[in-house]
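Coordinates in review
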Amino acid sequence: MTIRNICYFIAILMVYSCSSSTQENSSASRELTAEQQEVSDLEDQVIAVHDEVMPLMDKLISLQEELKTKNADLESSSDADAKDQVIVNSLIIDNLAQAHEGMMDWMRKYEPVDLEADNVANMNYLQEELEKITAVQEFTDNAITAAEETLGNN
């Protein structure tokens, strides 16, 4: 990860932890309504998907580096199949980079909800965020699978 990405990640964690701490403090002093609990549960789902995908960011970078090294070796070959494999590897490298950027972009844009705000708006926002982070998860999983299969076949 670059310094910039690390800073974004730390900022997101700080915002989320402050938000969680504030929510916990206010929740401790009163009970959540059923609607607020539903919002809180959905936010937990969103964060759970994020928490599954986030550890894969290092793997994305590692696979990119492996494929770049493989391409450097293949580019020195005169074999026609090697040239085709360089093209395939380059496409997979691009997908790995896009998966990483997709996660960083989602983290930059995600805003924890205020349980005191409009429950309908919160639910709509969190449902959209769940769809977005699930798409990031699927794209990341597919990019990793393609990279691992390609590296295993070379």
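Look up: the structure comes first, before these words.
Residues numbered from 1 in each chain as written. Predicted model: local features only at pLDDT ≥ 70, side-chain atom pairs only at ≥ 80, totals over all residues. Heavy atoms only, no water.

1. Structural notes on the overall build of the protein
Let me state the cut-off plainly: Numbering of helices and strands starts at the N terminus; helices are DSSP runs of H or I of at least 4 residues and strands are runs of E of at least 2. The cut-offs for exposure are 20% and 50% of the maximum accessible area for each residue type, with area from a 1.4 Å probe on protein chains only; residues under the lower value are buried, those over the upper are exposed, and the others partly exposed. Two residues qualify as a contact provided that any one of their heavy atoms is within 4.5 Å of a heavy atom in the partner residue. The protein chains shown are the only cover counted for residues, whose accessible areas, like all others here, come from Shrake-Rupley with a 1.4 Å probe.
Counting its secondary structure elements, the protein contains five helices and zero strands. Mapped in sequence order, the helices and strands of the protein form the string α-α-α-α-α. Here the protein holds 154 residues, and 34% of them are scored as buried. When contacts within the protein are restricted to residue pairs at least 6 apart in sequence, those whose partners lie at least 24 apart make up 80%. With the model as given, the accessible surface of the protein reaches about 8,900 Å², and the carbon-plus-sulfur share is 54%.

2. Points about the side chain of Thr150
Checked against the element boundaries, Thr150 lands in helix H5 (residues 119-153). By relative accessible area, Thr150 is classed as buried at 12%. Beyond its immediate stretch of four places on either side in the chain, Thr150 contacts Leu67, Gln85, Asn89 and Ile92.

3. Thoughts on the environment of His100
Inspection of the secondary structure puts His100 in helix H4 (residues 80-109). Residue class for His100 comes out buried when judged on its relative accessible area of 8%. Taking the C-alpha atoms as reference, His100 lies 8.8 Å from Leu56; in sequence the two are 44 residues apart.

4. Thoughts on the side chain of Gln137
Tracing the chain through its elements places Gln137 in helix H5. Assessed through its relative accessible area of 16%, Gln137 is described here as buried. If we ignore the near neighbours within four places in the chain, the residues touching Gln137 are Val49, Glu52 and Val53.

5. Focus: the packing of aromatic side chains
Put simply, the rule is: In this analysis, rings of Phe, Tyr and Trp, with Trp reduced to its six-membered ring, are considered paired at centre separations within 6.5 Å, and the interplanar angle assigns stacked below 30 degrees, edge-to-face beyond 60, and tilted for intermediate values.
The final tally for this structure, using the stated rule, is two aromatic pairs. With 4.8 Å between their ring centres and 20° between their planes, Trp106 and Tyr110 make a pair best called stacked. Here the two residues Trp106 and Tyr110 agree in accessibility, since each one is buried. Summarising the aromatic geometry, the rings of Tyr110 and Tyr125 are spaced 6.1 Å apart at their centres and angled 25° between planes, so their arrangement reads as stacked. Of the two residues, Tyr110 sits in the loop between H4 and H5 while Tyr125 sits in helix H5, which places them 15 residues apart along the sequence.

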